[in-house]
Each structure stands twice: as C-alpha cells, then as structure tokens.
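Remarks on the overall topology
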Amino acid sequence: MRYNISITPRTLHFKQPAGTSRGVYNTRKSWFVEIEDSERPGCKGVGECAPLPDLSCDARPEYEKTLESICRMIELTGNVNYDMLRPYPSILFGIETAMTDLQNGGHGLLFDTPFARGEEGITINGLVWMGSHDEMLARLESKMKAGFHCVKLKIGAIEFDSELDLIRHIRQAFTKEQIELRVDANGGFTFEDAPSRLDQLARYDIHSIEQPIRQHQWARMAQLCASSPIPIALDEELIGVNMPGMKQELLDTIRPQYIILKPSLHGGIRGTREWIDMAHQRGIGSWITSALESNVGLNAVAQLAADVYGPNISMPQGLGTGMLFTDNIEMPLTIRGEKLWRL
C-alpha cells in the first residue's frame, strides 16, 4: 500500500495561561499529519503530533526533521515500524491516529464504541489549574456549578498551607461522596517532605495524588507507595519508559496504586494499551488523560478511553481540555455537565 503524507505545523493559544509546576504555557505547538491512501484519492486520515516542551521524551530541537523523516520512510515502505518508533511516542500517536482514521473512512471515527457513535458520554474530571488561592477557589466553584463530581487540583504553585486551606474549604462544603478530589503534585514534593504532606492531605478524603515526587527515584517512590495513606498515581514516571521489559520492571519495583496514561507521552495508542494490560495483570488501576492536545488529539484520546474501558466507564477520565484554546480545531466534541460527548 502506498501513502501520501503531509505535515502541517500549527500554534494554538491558551485562553488563560496554563500553569504547572514546570512553568506556564501560553501557546501550544502541534504538527498535524494527514495520510492519504494513493489508491483511494480524497480519503484522508488526520492525526496530531503534540510533544510537550521539557516533558515529552521526544521533544527535541530536531523534532520536525525527525517527524519528516519518519513520514517519508512510511511513504517509501508502506508500513509503520512500531518498535522503531517507541522512542517517539507523540509522533507514533499522531501517525497511529491518522492511520486508524484513514482505515475507517477518514471521518474521525477511530473505534466502534457507543461514545464514538454519540450514544453515550464519558464522565470526566473537572480540572482546576494552578493559580493564587482565590483564583483556584473561583475555578473550583465554577466546575462544581457545571455539575462535576470529580475535581482534579494541580498543586505546587503556591504555599502548601494555602493549598491545604483550599482543600479544607472544599471538604467543609462537600463530602467525598459529593465531590471526588484528585490532586496532582507534578513531582513538586521533596522525598523528605512528602510523608508529612501526604498525612495532612489524607485528612480530607483525597482519592489519589499524582506524582508526589520527581520521577527517576524508583526506590523512594516505592517507599511512598507502600506507606502513603493516599493512593499514589504515576504519570511523569512513565515518560521515556518505552520498552516492555522496562515497563514491567517499573511496575514491579514501584507498585503504584494507579497509573495515568497520556498517549502522546506514554507510547501512543499501542503503548498505552500495553501499559494498561500490564497494570491490570498486577492489580494496578489506571485512567487515560489528554496532554493539552487540540480537539484532533482529544478526539483520539477519548475514543481510545472508550474502547479500552467502555462501555459505561465508571472511572472519571482526564478529558476536559477541549475548551482551553482560543483557536482550537473544530471537532464534534462537546462537554455537557461532567461528560464529554461526541456529536
């Protein structure tokens, strides 16, 4: 089979600065891959390659050249060498998305699920970005008014005592049955501070905490996972761990309660399924989130979640990023209450 592949870079602009413990994003660059089957002119599949600077293992200065070389190789061979592309998860995700889209007629329908057909929505968590105490409180209250029953707070940008005060405020107003609270430290705690901070957070019925300390400290993270009063979810820890043997070693060494999969960061579609299968075999829970992609990437991530966990997904997924940009790409996605729907 012969393919014609085009690449279009595009910079998206956030409505509000997106603050993380690694800095603030005002813009987001993606490369859109369009694959056409030469035997079916006009039938095209589209995917998004969207590395995150300072986070993705493949976010390098020569990224665009690498993407170009990989696409030319696929044109020449007619095949995608998945094992060769393991070190490039965001590129792999974009190509897998475009190929799957093409195989299904090029209408953004990737997997045959009730979600993809518009028959059911996926419950998602409301995301509260880092900011001042008052900003985070206002954002939180808007999520609650919108109908969210699971809220994720990004912490680590202001004083921990102030963040704890915000969480205390939430719990004074809402029980854990009314609002499920997840927190994401983005590796912001030191190993020395982490135990006391986890103990303090545990007073407020926290569902889970993502990446309490920085990655690449497997022995220390294993200690925390074994002793923490709050379930620990790994996120950044999984970045760059692309080979099956390394994945198994990480899960067996650290033994987290959850892993959180971002296909752009954690191996594309195939690599994400691999992580989930390995975790399931070990009794480790998981959910899928987007990684600040445009609606093209979000559509693919959401359909993958529906295919892996559905139908009737009970665990809220991290798919609430579709409204972040002023110049997002049009896709048949909408949020109603606490659910993401495909129209």
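Scroll up to find the structure this text is about.
Bringing the nonpolar core into the picture now. Inside soluble globular proteins, nonpolar side chains tend to come together where they are buried. With 64 residues, the main nonpolar core has Leu 153, Phe 189, Leu 201, Ile 209 and Ile 259 as its most contacted residues. In terms of residue count, the dominant contributor to this core is helix H9 (residues 295-309) (seven residues). If we ignore the near neighbours within four places in the chain, the residues touching Leu 153 are Val 128, Leu 140, Ile 167, Ile 170, Leu 181, Arg 182, Val 183 and Asp 184. Within the second largest apolar cluster, 20 residues are counted, among which are Trp 31, Val 33, Cys 49 and Ile 70.

It is worth spelling out helix H7 (residues 244-254) at this point. Buried within H7 are the following residues: Lys 247, Leu 250, Leu 251 and Ile 254. Angular distribution of buried residues about the axis of H7 spans 90 degrees; they occupy a single face of the element. On its buried face, H7 sits against helix H6 (218-227), strand E9 (232-234), strand E10 (258-261) and helix H8 (268-281). Among the residues trailing H7, Arg 255 stands out with phi positive, at a value near 55 degrees.

The subject of this paragraph is the packing of aromatic side chains. Overall, the coordinates contain four aromatic pairs when judged by the stated rule. Summarising the aromatic geometry, the rings of Phe 14 and Phe 325 are spaced 4.7 Å apart at their centres and angled 40 degrees between planes, so their arrangement reads as tilted. On the criterion of sequence distance, the pair formed by Phe 14 in strand E1 (residues 3-20) and Phe 325 in the loop between H9 and strand E12 (333-336) is long-range, its members being 311 residues apart. A relative accessible area of 8% places Phe 14 in the buried class. Phe 325 gets classed as buried once you look at its relative accessible area, which sits at 3%. For the cation-ring pair, Arg 270 lies above Tyr 82, with the distance from its terminal atom to the ring centre recorded as 3.7 Å. The ring centre of Trp 341 lies 5.3 Å from the NZ or CZ of Arg 336, which sits over that ring.

Turning next to the pairing of strand E8 (residues 206-210). In the case of a regular strand, side chains alternate between the two sheet surfaces. Of all five residues in E8, five are buried, a share of seventy percent or more. Pairing of strand E7 (residues 180-184) with E8, which is carried by four bridges, proceeds in the parallel orientation. Pairing of Asp 184 across the sheet is with Glu 210, part of E8. Running through helix H5 (residues 194-202), the crossover from E7 to the neighbouring parallel element E8 is right-handed. Here two bridges tie E8 to E9, and the two strands are oriented parallel to one another. Across the sheet, Ile 209 pairs through a bridge with Ile 232, a residue of E9. Crossover E8 to E9 through H6 is right-handed.

Here is what the cut-offs are and how they apply
- Residues numbered from 1 in each chain as written.
- Predicted model: local features only at pLDDT ≥ 70, side-chain atom pairs only at ≥ 80, totals over all residues.
- Heavy atoms only, no water.
- Core = buried A, V, L, I, M, F, W, Y, C linked by side-chain atoms within 4.5 Å.
- Buried < 20%, exposed > 50% of the residue type's maximum accessible area, 1.4 Å probe, protein only.
- Helix = DSSP H or I, 4+ residues; strand = E, 2+ residues; numbered from the N terminus.
- Contact = heavy atoms within 4.5 Å.
- Arc of directions from axis to C-beta.
- Phe/Tyr/Trp six-rings, centres within 6.5 Å; stacked < 30°, edge-to-face > 60°.
- Lys NZ or Arg CZ within 6 Å of the ring centre and 35° of its normal.
- Pairing = 2+ DSSP bridges.
- Right-handed = clockwise from strand over helix to strand, strands pointing away.

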